[in-house]
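Survey of secondary and tertiary structure
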Amino acid sequence: MRLTSFTDYGLRMLMRMASEPERAYSSAELADEFGLSRNHLAKIMQRLSRGGLIETRRGGGGGAVLAKPASEIRLGAIVRLLEEGQPLVECFAADGGDCSIDGQCRLKARLRSAEAAFLADLDRSTLADIALKPARAA
């Protein structure tokens, strides 16, 4: 299975945020750390916020913080949220995609099973399990 870069960077952001959960992270700081545009990072933050994984605060002392303890955030839930609308294969799309062998394909069920097993394995771990070590002060 291949995850989108959207999911990859979302996981990295959450791993950083879980390293110091009491701290608010600015979008500029995270964008700089991961070499992303602030615009792309903002889209990821929006999805994470909409999914209830982070909260964002404006103004001085603002930024993004985890909405709940990292130990309560399952990795499978993160991947499901960030991969939303990105089917593993075309025929998994909401509209069924455009497949000339639909109805005859015996691969689809196996891929669904593999995807479910992948997510179930991720659900056995939490964000706390993969949190980065806190950055040391210089």
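A few points on the structure. Bear in mind that the values here come from a model prediction, so they are computed numbers and not experimental data.

**Remarks on the overall build of the chain**
Helix and strand counts for the chain come out as 6 helices and 2 strands. Going residue by residue from the N terminus, the α and β elements of the chain occur as α-α-α-β-β-α-α-α. Overall size of the chain, expressed as C-alpha extent along the three principal axes, is 60 × 30 × 25 Å. Out of the 138 residues in the chain, the part that is buried amounts to 33%. Once local pairs closer than 6 in sequence are excluded, the contacts in the chain between residues at least 24 apart make up 65%. Counting every atom, the chain has about 8600 Å² of accessible surface; 48% of that belongs to carbon and sulfur.

**Re the pattern of salt bridges**
Following the criterion strictly, the structure yields 7 salt bridges and no others. Note that Arg12 is salt-bridged to Asp8, the shortest N-O span being 2.9 Å. One end of the pair, Arg12, and the other, Asp8, are both in helix 1 (residues 5–19), 4 residues apart, so they sit about a helical turn from each other. With a shortest N-O distance of 2.6 Å, Glu84 and Arg50 are connected by a salt bridge. With Glu84 in the loop between helix 4 (75–82) and helix 5 (108–122) and Arg50 in helix 3 (residues 38–50), this residue pair connects regions lying 34 residues apart in the sequence.

**Examining the nonpolar core**
Judged by nonpolar contacts, the single largest core of 30 residues is most densely connected at Leu48, Leu66 and Ile78. Listing elements by their share of this core, those giving two or more residues are helix 1, helix 2 (27–34), helix 3, strand 2 (63–66), helix 4 and helix 5. Among all residues touching Leu48, those that are not within four sequence positions of it are Gly10, Met13, Leu14, Leu53, Ile54, Leu81 and Leu82.

**Some points on the environment of Arg110**
Following the sequence through the fold, Arg110 ends up in helix 5. Look at Arg110 and you get exposed, because its relative accessible area is 57%.

**Observations concerning the pairing of strand 1 (residues 54–57)**
Here 4 bridges tie strand 1 to strand 2, and the two strands are oriented antiparallel to one another. Residue pairing across strands places Glu55 opposite Val65, the latter belonging to strand 2. What sits between the antiparallel neighbours strand 1 and strand 2 is a turn of 5 residues, in which Gly59 has the positive phi angle 85 degrees.

Calculation criteria
- Residues numbered from 1 in each chain as written.
- Predicted model: local features only at pLDDT ≥ 70, side-chain atom pairs only at ≥ 80, totals over all residues.
- Heavy atoms only, no water.
- Helix = DSSP H or I, 4+ residues; strand = E, 2+ residues; numbered from the N terminus.
- Buried < 20%, exposed > 50% of the residue type's maximum accessible area, 1.4 Å probe, protein only.
- Contact = heavy atoms within 4.5 Å.
- Areas by Shrake-Rupley, 256 points an atom, 1.4 Å probe, with all protein chains shown as cover.
- Salt bridge = Lys/Arg side-chain N within 4 Å of Asp/Glu carboxyl O.
- Core = buried A, V, L, I, M, F, W, Y, C linked by side-chain atoms within 4.5 Å.
- Pairing = 2+ DSSP bridges.

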